[in-house]
Amino acid sequence: MKRVIMGTETAALAAVLARVQVVAAYPITPQTVTVEELSDYIGKGELDAAYITVESEHSAMAACVGASATGSRTFTATSSQGLALMHEMLHHAAGGRLPIVMLNANRALSPPWNLYCDHTDSLSQRDTGWIQYYCCDVQDVMDSTFIAYRVAEKVMLPVMINLDGFYLTHTSEVIDVPDQEEVDRYLPPYDPADKVDVDNPSTYGCVCGADLFSSLKYRRQMETLAVEQAWQEASDEFAAQFGRSHAPVQGHNLDDAEVVIVTIGTAGGAAQLAADALREEGVAAGSLNLAMVRPFPYESFRRAVSGAKHLVVLDRDVSFGAEGIVAQEVKSCLYGKSSAQVHCYIAGVGGMDITEEILADMARESLGGQKQGLELGDSIWIKVLP
Amino acid sequence: MLGIRMHGRGGQGAVVASKILAKAYFKEGLFVQAFPAFGMERRGAAVAAYVRVDSSPALARGEIVNPDVCVVLDPKLLEMVDVTAGLASGVPIVLNYADGQVPQDLAGRFTLALIDANQIAINHRLGSRLAPIINTVVLGAYLKVVQDPPLKPETLFQAIEEGVPAKKQENAAAAREAYERVRVLEKS
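How each quantity is defined
Residues numbered from 1 in each chain as written. Chains lettered and ligands numbered in written order. Predicted model: local features only at pLDDT ≥ 70, side-chain atom pairs only at ≥ 80, totals over all residues. Heavy atoms only, no water. Helix = DSSP H or I, 4+ residues; strand = E, 2+ residues; numbered from the N terminus. Buried < 20%, exposed > 50% of the residue type's maximum accessible area, 1.4 Å probe, protein only. Areas by Shrake-Rupley, 256 points an atom, 1.4 Å probe, with all protein chains shown as cover. 1 Å grid on protein atoms, 1.4 Å probe; cavity = no way out; pocket = protein on both sides within 12 Å on 5 of 7 lines; lining within 4 Å. Points joined across faces, edges and corners; volume = space filled by probe spheres on them. Nonpolar A, V, L, I, M, F, W, Y, C, P; charged D, E, K, R; others polar. Pairing = 2+ DSSP bridges. Axes fitted to C-alpha atoms, helices over the stretch in contact; angles between N-to-C directions. Core = buried A, V, L, I, M, F, W, Y, C linked by side-chain atoms within 4.5 Å. Contact = heavy atoms within 4.5 Å. Domains from an automatic or database assignment. Buried area = accessible area lost by both parts, 1.4 Å probe. Salt bridge = Lys/Arg side-chain N within 4 Å of Asp/Glu carboxyl O. Left-handed = near helix turned anticlockwise from the far one by under 90°. Parallel < 35°, antiparallel > 145°, perpendicular 65-115°, else oblique. Phe/Tyr/Trp six-rings, centres within 6.5 Å; stacked < 30°, edge-to-face > 60°. Lys NZ or Arg CZ within 6 Å of the ring centre and 35° of its normal.

Draft legend 1. How the structure looks around the overall build of chain A. Regarding its fold elements, chain A presents 14 helices and 16 strands. In chain A, which comprises 386 residues, the proportion classed as buried is 58%. Looking at chain A as shown, the accessible area adds up to about 15700 Å², and 51% of this sits on carbon and sulfur atoms.

If you want it as structure tokens, here you go:
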């Protein structure tokens, strides 16, 4: 059924339709509406789940780890400082092979205090072993939650669904909300073979010496790299049932593109508009929405940009002392495989709007046009004071 | 695309009004995107909310720099915020303003839809005399000056009833009264 709904409300409704069994969460702007709504759904008996109130995000993730280990479908939501506080437990969730799904509302890290969109929070957790997916619109929030559980419970790894703070969390859009029966058909109940069970005691996460430790890490890396394919298949199956796909790499006019604007999150819309505007100027431009950042979708990404000469990468983040994190990822993916030039632009941090004009100007500059921002190291910063 | 910008104060209901308007256009079969721009989230602080209405989903996000219509919930905001920023000459400004008075610096440059929303809200017992709830009242005045794409009055009134947490009929009746009583001053 079509309806107008806000991003945070959508995330809560998606968790209800996914029939999550345990929610442990701590409120933080801009995700608060999600956990408030889930608390309401559970309180009214519309979702048969346990809601565990906790005193911090570290405890929220610890509770999720315990709940998931018992074989329950587990959900949480956080943002920014809260995600940072979970850091230790994020490693535990992934290393414990627990298929938790978490919404992260992308928000700047303080100081200075700022509530608005910025990707440094989630990208700085990219080495924790979580699958990371970035939504481009509110429909994506709904659909990717189902795909996330399906993939997570197949590969036994947790998934972080990222929503741009305010641009998605507080934006109301028209989306198609699937019926419960349709979701049930796509997402069967979670019933793992191995779980913590008092009637059948066993030990998880015990001490492991060097003899097996590296082998376990190797095995986990192998299975994490396979997630690109697993997500693609889950997206294809979702598309077959619902008519919408949510692949790791989503391209727009890439077939003959020489210039490709690469974005994560909601800037993908403006990137499409910018690419279309450049086409009207006679530039063979396209855009690429990098929906999955971990595991990095090496195969799909290389294939998508195989003909490109310039990649214009937007980073709403920075790794201090290096450059934009997405640009680093893209360079690493293409090293030795492509001669395309990668142009790193840092813009849209702390809530600055990313518009079609900003992205088109970046692409024009990459092709030798007018200088747009301030060059610093390997990146160009847009709209900053010198 | 129809781009709407609403100005209000935190707690005044600009964000709720933007969602009601979005849902009304959705009922007319259009794609909508409603988006608030908070400063820091505080009661009384100036806030803005935006609505995009189109025949296809909006790809652009964030501030609408050149809106096609501007809605101002509180006349005092005129002293704090440049509500005319980015407005082309003649664009409609829907303004909550005391009966019989005219904002001289806006008159003639824009199409003004003036409505004493405070008085109407008080008459319909929306909020209190000191803090009337005027967000849905102002939407009634909006209806009079924005025709494209079409929005049927009954559709808006229904969206208001569905979109407010309490006093559904009073809110719709107050919007209806505003629709009938709004003073429209065309650009000279």
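Draft legend 2. Quick peek at the layout of surface pockets. Residue and element names in this part refer to chain A. Reported here for the second largest pocket is a volume of approximately 1100 Å³. Lining the second largest pocket are 31 residues, with Gly95, Gly96, Arg97, Tyr204 and Gly205 sitting closest to its centre. Put simply, the parts of the chain that give the lining of the second largest pocket at least two residues each are α3 (57-69), α5 (87-95) and α9 (210-225). Here the lining of the second largest pocket takes six residues from α9, the largest share from any one element. In the lining of the second largest pocket, the residues fall into 14 nonpolar, nine polar and eight charged.

Draft legend 3. The sheet that holds strand β15 (residues 374-376) of chain A, seen in detail. Residue and element names in this part refer to chain A. Strands sit in the order β9-β11-β10-β13-β14-β16-β15 across an open sheet of seven strands; the sheet is mixed. The outermost strands of the open sheet, each flanked by one partner alone, are β9 (249-252) and β15. Direction aside, neighbouring strands of the sheet carry axes that sit 25° apart on average. With six bridges joining them, strand β13 (residues 310-315) and strand β14 (residues 341-346) adopt parallel strand pairing.

Draft legend 4. Quick peek at the nonpolar core. Counting 54 residues, the largest nonpolar core has Phe75, Ile131, Phe146, Val151 and Trp231 of chain A as the members making the most contacts within it. Per-element tally for this core: the top contributor is helix α7 (residues 138-155) of chain A, with 10 residues. With sequence-adjacent residues up to four places away left out, Phe146 of chain A is seen in contact with Ala14, Leu17, Ala18, Pro178, Val183, Tyr186, Leu187 and Phe238 of chain A. Formed by 49 residues, the second largest nonpolar core is a distinct cluster that contains Ala14, Ala22, Tyr25 and Ile120 of chain B.

Draft legend 5. Quick look at the pairing of strand β8 (residues 172-176) of chain A. Along β8 of chain A, four of the five residues are buried, which leaves the element largely enclosed by surrounding structure. Here five bridges tie strand β1 (residues 2-6) of chain A to β8 of chain A, and the two strands are oriented antiparallel to one another. If you follow Val4 of chain A over to β8 of chain A, its bridge partner there is Val174 of chain A. Pairing of β8 of chain A with strand β2 (residues 31-37) of chain B, which is carried by two bridges, proceeds in the antiparallel orientation. Paired with Glu173 of chain A across the bridge in β2 of chain B is Gln33 of chain B.

Draft legend 6. Focus on the sheet that holds strand β6 (residues 131-134) of chain A. Residues and elements named next belong to chain A. Taken together, seven strands build an open sheet; the order of strands is β3-β2-β4-β5-β7-β6-β12 and the sheet is mixed. Of all the strands in the sheet, just β3 (50-53) and β12 (292-294) have a single pairing partner and so form its edges. On average, each strand axis in the sheet is inclined to that of its neighbour by 20°, with strand direction left out of account. Bridge analysis of strand β2 (residues 22-25) against β3 gives four bridges, and the strand direction is parallel. Counterpart to Ala25 in the pairing with β3 is Thr53. Strands in contact with α3 are β2, β3, β4 (74-79) and β5 (101-106); relative to β4, the strand with the most contacts, it is inclined by about 165°.

Draft legend 7. Structural context of the domain arrangement of chain A. All names here are of chain A. Considered domain by domain, chain A is made up of domain 1 (2-240) and domain 2 (249-381). Placing the centre of domain 1 and that of domain 2 at their C-alpha centroids yields a distance of 27 Å. Taken together, the 25 residues of domain 1 in the interface contact 29 residues of domain 2. Summing both sides of the interface, domain 1 and domain 2 together bury roughly 2200 Å²; the carbon and sulfur share of this comes to 57%. Among the residues of domain 1 in contact with domain 2, Arg126, Tyr167 and Glu228 are the three that bury the most area, contributing 30% of the side total. The tally of links between domain 1 and domain 2 comes to two salt bridges. Here Asp164 ties to Arg316 by a salt bridge, and the two come within 3.7 Å at their closest N and O atoms.

Draft legend 8. Examining empty space enclosed by the protein more closely. A complete count under the given rule lists three cavities of 30 Å³ or more for this structure. Forming the walls of the largest cavity are Tyr167, Thr266, Ala267, Ala270, Arg316, Asp353 and Ile354 of chain A together with Leu59 and Arg61 of chain B. Put simply, the second largest cavity is a space of about 40 Å³. Broken down by class, the residue content of the lining of the second largest cavity amounts to three nonpolar, no polar and four charged.

Draft legend 9. Representation of the packing of helix α5 (residues 153-163) of chain B against helix α6 (residues 168-181) of chain B in the model. Residue and element names in this part refer to chain B. It is at 8 Å that the axes of α5 and α6 come closest, and there the two elements cross at 145°. Where α5 crosses over α6, the two elements pack in a sense that is right-handed. Residues Pro153, Glu154, Phe157, Ile160 and Glu161 of α5 touch α6, and the partners they reach there are Lys168, Gln169, Asn171, Ala172, Ala175, Arg176 and Tyr179.

Draft legend 10. Summary view of the side chain of Thr136 of chain B. Residues and elements named next belong to chain B. Topologically, Thr136 is positioned in helix α4 (residues 135-145). Judged by its relative accessible area of 0%, Thr136 is buried. Once residues lying within four places of it in the same chain are set aside, the contact partners of Thr136 are Ile20, Ile160, Val164, Asn171 and Ala175.

Draft legend 11. Summary view of the side chain of Ser122 of chain A. Here Ser122 of chain A is to be found in helix α6 (residues 120-123). Residues in contact with Ser122 of chain A, not counting those within four places in the same chain, are Leu83, Asn104, Asn106, Gln132, Tyr134, Met160 and Asn162 of chain A.

Draft legend 12. Just the packing of α3 of chain A against α5 of chain A, in detail. Residues and elements named next belong to chain A. For the pair α3 and α5, interaxial distance at closest approach is 8 Å and the crossing angle is 15°. Between α3 and α5, the angle falls in the class roughly parallel. Note on packing geometry: the crossing formed by α3 with α5 is left-handed. Listed contacts from α5 to His58, Met61, Ala62 and Val65 of α3 are Glu88, Met89, Leu90, His92 and Ala93. Classifying every residue of the contact of α3 with α5 gives six nonpolar, two polar and one charged.

Draft legend 13. Inspection of the packing of aromatic side chains at higher detail. Residues and elements named next belong to chain A. Following the criterion strictly, the structure yields eight aromatic pairs over all chains and no others. With a centroid separation of 4.9 Å and an interplanar angle of 50°, the aromatic rings of Tyr116 and Phe166 are classed as tilted. Here the residue Tyr116 occupies a position in the loop between β5 and α6, and Phe166 occupies one in the loop between β7 (159-164) and β8, the gap between them amounting to 50 residues. For Tyr116, a relative accessible area of 15% gives the class buried. In this structure Phe166 comes out as buried when scored by relative accessible area, which is 3%. Judged by centre distance (5.3 Å) and plane angle (50°), the rings of Phe296 and Tyr298 are tilted. In this structure Phe296 comes out as buried when scored by relative accessible area, which is 3%. Among the aromatic residues, those joined into a cluster by ring pairs are Tyr186, Phe238 and Phe242. Sitting over the ring of Tyr186, Arg150 keeps its end group 4.4 Å from the ring centre.

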